[in-house]
Amino acid sequence: MPISVHQEGKMFHLFNDEISYIIQVLSDGTLGNLYYGKQITDRESFDHLIEAEYRPNTAYVNKGDVSFSREHLRQEYPVYGSTDFRHPAITVLQENGSRISSFVVKGYTVFNGKKELEQLPATYVEQKDEAATLEIQLLDELLNLELTLSYTIFEQLPVVARSAKLINRGEQKLHLEQLMSMSLDLPDSNYELLQLSGAWGRERHLEFRKLVPGIQSIESTRGSSSHYQNPFIALKRPDCTEQMGESIGFSLVYSGNFLAQVEVDTYNVARVSLGINPFNFDWVLEPGESFQSPEVVMTYSSKGLNGMSQSYHWLYRKRLARGQWRDQERPILINNWEATGMDFTEEKLIDFAKTAFEDGVELFVLDDGWFGGRRHERAGLGDWFANKELLPNGISGLAEQINQIGLSFGLWFEPEMVNEDSDLYRQHPDWIIKVPDRTVSHGRHQYVLDFSREEVVESIYQMVAKVLGEAKISYVKWDMNRCITEAYSEKLPAERQGELFHRYILGVYALYERLTSNFPHILFEFCASGGGRFDPGMLYYSPQGWTSDDTDAVERLKIQYGTSLVYPLSSMGAHVSAVPNEQSFREVSMETRGNVAAFGSFGYELDLNQLSEADREIIRQQICFIKDYRKIIHQGNFYRLVSPFEGNYCAWMVVSADKKTSILGYYKMLNEVNGPFSRLQLKGLAPTAEYTNVQTGQTYFGDELMNVGLVTSDTSCGQIIDGRKNSHDFDSRIVVLQSK
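Since the model is a prediction, treat every value here as computed from it, not as a measurement.

With that settled, consider the packing of helix H3 (residues 346-358) against helix H4 (residues 394-405). Packing of H3 against H4 leaves a shortest axis separation of 9 Å and a crossing angle of 25°. Put simply, H3 runs roughly parallel to H4. As H3 packs across H4, the resulting crossing turns out to be right-handed. In contact with Glu346, Leu349, Ile350, Ala353, Lys354 and Phe357 of H3, H4 contributes Leu398, Gln401, Ile402 and Ile405.

This paragraph deals with the sheet that holds strand E33 (residues 661-668). Strand order in this open sheet of six strands is E31-E32-E33-E38-E35-E36, and the pairing throughout is antiparallel. Edge positions in the open sheet fall to strand E31 (637-642) and strand E36 (699-701), since each of these has one partner strand only. Across the sheet, the axes of successive neighbouring strands diverge by a mean angle of 25°, strand direction being ignored. Of the strand pairs in this sheet, strand E32 (residues 649-655) and E33 are connected by seven bridges, and their pairing is antiparallel. Each bridged residue has a counterpart across the sheet, and for Met653 the counterpart in E33 is Leu664. Together, E31, E32 and E33 form the strand contacts of helix H9 (residues 553-563), whose direction differs from that of E32 by roughly 45°. Packed on one face of the sheet, helix H10 (residues 590-597) meets E33 and strand E38 (731-739) and runs near 50° to E38.

Before going further, it helps to examine the sheet that holds strand E29 (residues 572-577). Taken together, the eight strands give a closed barrel; going around it, the order is E21-E22-E23-E26-E27-E28-E29-E30, and neighbouring strands pair in parallel fashion. Strand-to-strand twist in this sheet, taken as the mean axis angle between neighbours without regard to direction, amounts to 30°. Contacting strand E23 (408-413), strand E26 (475-478) and strand E27 (523-526), helix H6 (residues 454-470) crosses the sheet at an angle of about 170° to E23.

One can read the domain layout of the protein as domain 1 (3-320), domain 2 (331-635) and domain 3 (649-739). Listed by partner, the interface residues are 19 residues for domain 2 and 17 residues for domain 3. Roughly 1600 Å² of surface becomes buried between domain 2 and domain 3 when both sides are summed, with 79% attributable to carbon and sulfur atoms. The largest per-residue losses of area from domain 2 upon contact with domain 3 belong to Leu557, Phe599 and Ile632, which jointly make up 37% of the total buried on that side. Across the domain 2-domain 3 interface, the total number found is zero salt bridges. Where domain 2 meets domain 3, there are four residue pairs in polar contact (both at pLDDT 80 or more).

Right, let's talk about the pattern of salt bridges for a bit. Applying the stated rule across the entire model yields 48 salt bridges. A salt bridge links Glu495 to Lys173, with the shortest nitrogen-to-oxygen separation between them at 3.0 Å. Of this pair, Glu495 sits in the loop between E26 and helix H7 (500-518) while Lys173 sits in the loop between strand E9 (159-168) and strand E10 (174-186), and the two are 322 residues apart along the sequence. Taking relative accessible area as the criterion, Glu495 reaches 33% and is therefore assigned partly exposed. You can call Lys173 partly exposed: its relative accessible area is 27%.

Core analysis: the largest hydrophobic core is formed by 198 residues, its most contacted members being Leu366, Trp370 and Ile395. Considering every element that reaches this core, the biggest residue donor is H7, with 10 residues. If we skip the residues at most four places from it in the chain, Ile395 touches Leu366, Trp370, Ala386, Phe409, Leu411, Val467, Ala471 and Ile473. If you look at the next biggest cluster of nonpolar residues, it comprises 19 residues, including Met653, Leu664, Tyr691 and Tyr700.

This structure, assessed with the given rule, holds nine cavities of 30 Å³ or more. Its boundaries defined by the atoms lining it, the largest cavity holds a volume of some 130 Å³. Lining the largest cavity are Thr30, Leu31, Arg70, Gln75, Tyr77, Pro78, Val79, Asp84, Ser102, Phe103, Leu138 and Leu147. Taken together, the residues of the lining of the largest cavity sort by class into seven nonpolar, three polar and two charged. By volume, the second largest cavity is sized at about 60 Å³.

Along any regular strand the residues' side chains alternate between the sheet's two faces. With respect to burial, strand E8 (residues 145-154) is a largely interior element, 10 of its 10 residues being buried. Neither face of E8 is left uncovered, since the one carrying Leu145, Leu147, Leu149, Tyr151 and Ile153 and the one carrying Glu146, Thr148, Ser150, Thr152 and Phe154 both have all their residues buried. Sheet topology places strand E7 (residues 131-140) next to E8; 10 bridges connect them, and they run antiparallel. The partner of Leu134 across the bridge, within E8, is Tyr151. Of the pairings in the sheet, the one linking E8 to E9 comprises nine bridges and is antiparallel in character. By the bridge assignment for E9, Tyr151 is matched with Arg162. Linking E8 back to E9 in an antiparallel pair, the connection comprises four residues.

Another aspect to go through is the UniProt feature "domain: Glycosyl hydrolase family 36 N-terminal" (unreviewed entry) in the protein. UniProt tags residues 29-286 as "domain: Glycosyl hydrolase family 36 N-terminal" (unreviewed entry). Within the segment residues 29-286, helix and strand shares are 0% and 44% respectively, and the terminal C-alpha atoms sit 26 Å apart.

So, about the pairing of strand E20 (residues 295-301). Within E20, seven of the seven residues are buried, which leaves the element mostly enclosed by the surrounding structure. The side-chain alternation of E20 yields two buried faces, one formed by Glu295, Val297, Thr299 and Ser301 and the other by Val296, Met298 and Tyr300. With four bridges joining them, E9 and E20 adopt antiparallel strand pairing. Paired with Ala161 across the two strands is Val297, which belongs to E20. Across seven bridges, the pairing between strand E15 (residues 247-253) and E20 is antiparallel. The residue of E20 that forms the bridge with Val253 is Glu295.

A separate point is the layout of surface pockets. Size it by volume and the largest pocket reaches roughly 710 Å³. Lining the largest pocket are 29 residues, and of these Glu591, Asn595, Ser732, Arg733 and Ile734 sit closest to its centre. Looking at the lining of the largest pocket, its residues break down into 10 nonpolar, 13 polar and six charged. As a volume, the second largest pocket reaches approximately 520 Å³. Here the residues of the lining of the second largest pocket sort into eight nonpolar, seven polar and 11 charged. Both of domain 1 (3-320) and domain 2 (331-635) provide at least three residues apiece to the lining of the second largest pocket.

Further remarks concern unusual backbone geometry. The omega angle of the peptide bond from Val579 to Pro580 is -5°, so this bond is cis rather than trans. You can see Pro580 is positioned in the loop between E29 and H10. Positive phi values are uncommon outside glycine, yet Asn280 reaches one of about 60°. Within the element layout of this structure, Asn280 appears in the loop between strand E17 (270-276) and strand E18 (283-285). Its identity as a non-glycine residue notwithstanding, Phe730 has a phi of 60°, on the positive side. Of note, Phe730 is situated in the loop between strand E37 (710-711) and E38.

Definitions and limits used
Residues numbered from 1 in each chain as written. Predicted model: local features only at pLDDT ≥ 70, side-chain atom pairs only at ≥ 80, totals over all residues. Heavy atoms only, no water. Axes fitted to C-alpha atoms, helices over the stretch in contact; angles between N-to-C directions. Helix = DSSP H or I, 4+ residues; strand = E, 2+ residues; numbered from the N terminus. Parallel < 35°, antiparallel > 145°, perpendicular 65-115°, else oblique. Left-handed = near helix turned anticlockwise from the far one by under 90°. Contact = heavy atoms within 4.5 Å. Pairing = 2+ DSSP bridges. Domains from an automatic or database assignment. Buried area = accessible area lost by both parts, 1.4 Å probe. Salt bridge = Lys/Arg side-chain N within 4 Å of Asp/Glu carboxyl O. Polar contact = N/O pair within 3.5 Å; in protein donor to acceptor, adjacent residues only side chain to side chain. Buried < 20%, exposed > 50% of the residue type's maximum accessible area, 1.4 Å probe, protein only. Core = buried A, V, L, I, M, F, W, Y, C linked by side-chain atoms within 4.5 Å. 1 Å grid on protein atoms, 1.4 Å probe; cavity = no way out; pocket = protein on both sides within 12 Å on 5 of 7 lines; lining within 4 Å. Points joined across faces, edges and corners; volume = space filled by probe spheres on them. Nonpolar A, V, L, I, M, F, W, Y, C, P; charged D, E, K, R; others polar. UniProt positions renumbered as here; feature names shortened; annotations may be inferred.

As structure tokens, this is what we get:
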């Protein structure tokens, strides 16, 4: 078991072949952190790593002892106000108005395996020997408030999953104002902070900044993890690259408001904390009640950012995503939205599907506009029953016709929202999130249903389940198109209004759990105006998500590159759309659109009937390629080679687990004139294996490709001459290398 307990429960060492995490009970009974990083040899005591010295202008815990101050010790789960002046991991408001607390260790438990979290998504194990868990029980004796810190270390991964649970065993009614999922004090601040930031249409762009004294943070206050920030940060050493150097990743398995923060004190200690955002959060803990934090997945890499990403990819693909679609090959789909919008008829959809089937598509998806009075975005949301004027045979009849063509059938829902012009709103106007007697803001002419109320979730479940139960539906796209404003629930008492944001997300999770459990054959894809809730919490219920509403291939290079820092390719919905692109108005070749979308869960967002025969033939070839290689793309090891954030090129590759097949994607934004010759060093190959370029027949050994590189020069290396396959703006190629 990769957890050692020493000094009769005073020191805990979690370790495997790659990492070590060492926790020590300090002299006052609280927890300190001694080390987190590359694996080190276990020993009976690491007491020598605890440094305590007198420092001026400092408060000390014990009378007469001018060495023990929490301000200058690395805390494992800190509180504020008892000689530690940095931001805490926990804040509890008590009946007397105090927020001071003190948690001392009372016991611990070590066991193989990993527990589920109450009402929350989390990583899991299939066999108990895949991981070991340490639970440390702490108690604030004055309040009789019990805190359990949970640590799971995975046997074969440099990963520790952390969470916290609070139980009020006392007699006071308490207000929990902050409960971070993790806190970690690092001994120095010589790191760069990496975050995934952006906005609608340009989600998860890479942003770097050097840590400086003070607080640097990202957060969401929108009710969802958001387009703007992702619930992930990494700390990398300044010399860390994609392939070498130290980095530490912190990923929150949660879909609501979050805070990721690094506080650097004047002695260069860097305190990392991540969890539910304490802004506008206030959870009442009555005697006997408990609160469970979401999970943070921490991973340490000595092999650069790519090493960090590969750990996340495997874990989130295999031990976060669930269900029968977790390991299945994903169907090639076509979605009608960018082709027809809401302007469709049953006859038009059937014709659309027949052409798609002829070209090799496997799944037809009917997007927005099929239900209630939904002929524009001002009406119909909340009325989840077919519009019989549009679809005289209903959804079940349409699905049957699509199946007869030879395609599976999928459907779009937006279950968390309602239009004012809907039967649901007319019957239950009190079911939306709003503040009495104040203006109710709208977004896209829609309002947010109060998913903190069980009766609201139950009503939506009954409508959606009826549609799914009556028709042969293989896929559901679950959309969410606006953030929460005027956060208030008419069902919650005044002192519990601070619980709304978290209760809302628990309602979303409850609906997901019920639908995915009762319809396990359906592939669910999460969406939130594209990438507005692309987070690990969603991956627990849906193995793939719509990466961004921006389908422009050039923009998608940055979006997919950034997303891959944490999320596996199998989770990224990536489609070929029409040109000029709907978001950028850019013209990109069919080849490049397909070459970018190939590195994700593949599909189309266009009307095949409007294309030339030449483009149709390219699409047929793309579909054949995806069917041949999608398993390797989704389950192989992914390497980022050239960043689109740093220049004119982008490159990445996937290598199969047995290293026999490699698929390289190489992209150029703007063409060059008389440019240099170029080579690209590949990664992850077997050094002595002989690889054949499937397209050209040229052979190479793996060590040559990794050390000398693959020649990537094109016709821009010199003067472009007619008669050859000329390079151009937004050019690309895919290279498949195969060994025996």
